[in-house]
Amino acid sequence: MFILSYLLSASLNYISSIVSKKLPITISFILLLLIILIGILFDIIGIATTAADEVPFHAMAAKKVKGAKNSIWLIKNASRVSSICNDVIGDICGILSGSLSASIIFYISKNSNADIVFLSLLLTATVAAVTISGKAIGKYFAIKKSHDIVKISGKILSIFIKT
């Protein structure tokens, strides 16, 4: 887990740093929003795998429905899937959104007369509010629609992993 999180964090941070330095500020904001949304999406997947019932997927697998076996694997490994999705990817996205926010604040304060304390407060509070409220709404959605979320996740996973 340590090695996986270290490699993922380092590579994603490197990519976001390069992108944020070379692209306009609007693209940096879009990248920031994308990182937040990825964190929320993986949080939803992690919660859904722990809430989903395995039984309907066995019937789907018997009918050779694409992704059903992958969905069963996700549910059987719910603790690991949840740990990777919620903890590893979720925490990395949180750290990346914080560092990208700092880069955006630095860029704006360097190129304008804006107050760095006010900018920092505004962007940090916005990122925190969007992340927290997005994950709260996502948890509700993940529990209510766990079957559908795991089914879609299984189909997507079946593109990369054949079972």
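Going by what an unreviewed UniProt entry lists, the protein chain is known as CNNM transmembrane domain-containing protein and is assigned to Caldicellulosiruptor naganoensis.

## Regarding unusual backbone geometry
Despite not being glycine, Lys64 shows a phi value in the positive range, around 60 degrees. Within the fold, Lys64 resides in the loop between helix 3 (55-62) and helix 4 (68-76). For Lys64, a relative accessible area of 72% puts it in the exposed group.

## Considerations on the environment of Leu121
Mapped onto the fold, Leu121 is located in helix 6 (residues 116-144). On the basis of relative accessible area, Leu121 is assigned to the exposed category, the value being 59%. Between the alpha carbons of Leu121 and Ile105 there is a distance of 9.8 Å; along the sequence they are 16 residues apart.

## Describing the confidence of the model for the protein chain
Averaged over all residues, the pLDDT of the protein chain equals 90, while 96% of them reach at least 70. Averaged over each element, pLDDT in the protein chain is lowest for helix 1 (residues 2-22) (75) and highest for helix 4 (97).

## Some points on the UniProt feature "transmembrane region" (unreviewed entry) in the protein chain
Under the feature "transmembrane region" (unreviewed entry), the UniProt entry names residues 27-48 and 114-137. As a span, residues 27-48 carries 100% helix and 0% strand, and end to end its C-alpha atoms are 31 Å apart. The annotated region residues 114-137 carries 92% helix and 0% strand content, and the separation between its end C-alpha atoms amounts to 33 Å.

Definitions and cut-offs
Residues numbered from 1 in each chain as written. Predicted model: local features only at pLDDT ≥ 70, side-chain atom pairs only at ≥ 80, totals over all residues. Heavy atoms only, no water. Helix = DSSP H or I, 4+ residues; strand = E, 2+ residues; numbered from the N terminus. Buried < 20%, exposed > 50% of the residue type's maximum accessible area, 1.4 Å probe, protein only. pLDDT = per-residue confidence, 0-100. UniProt positions renumbered as here; feature names shortened; annotations may be inferred.

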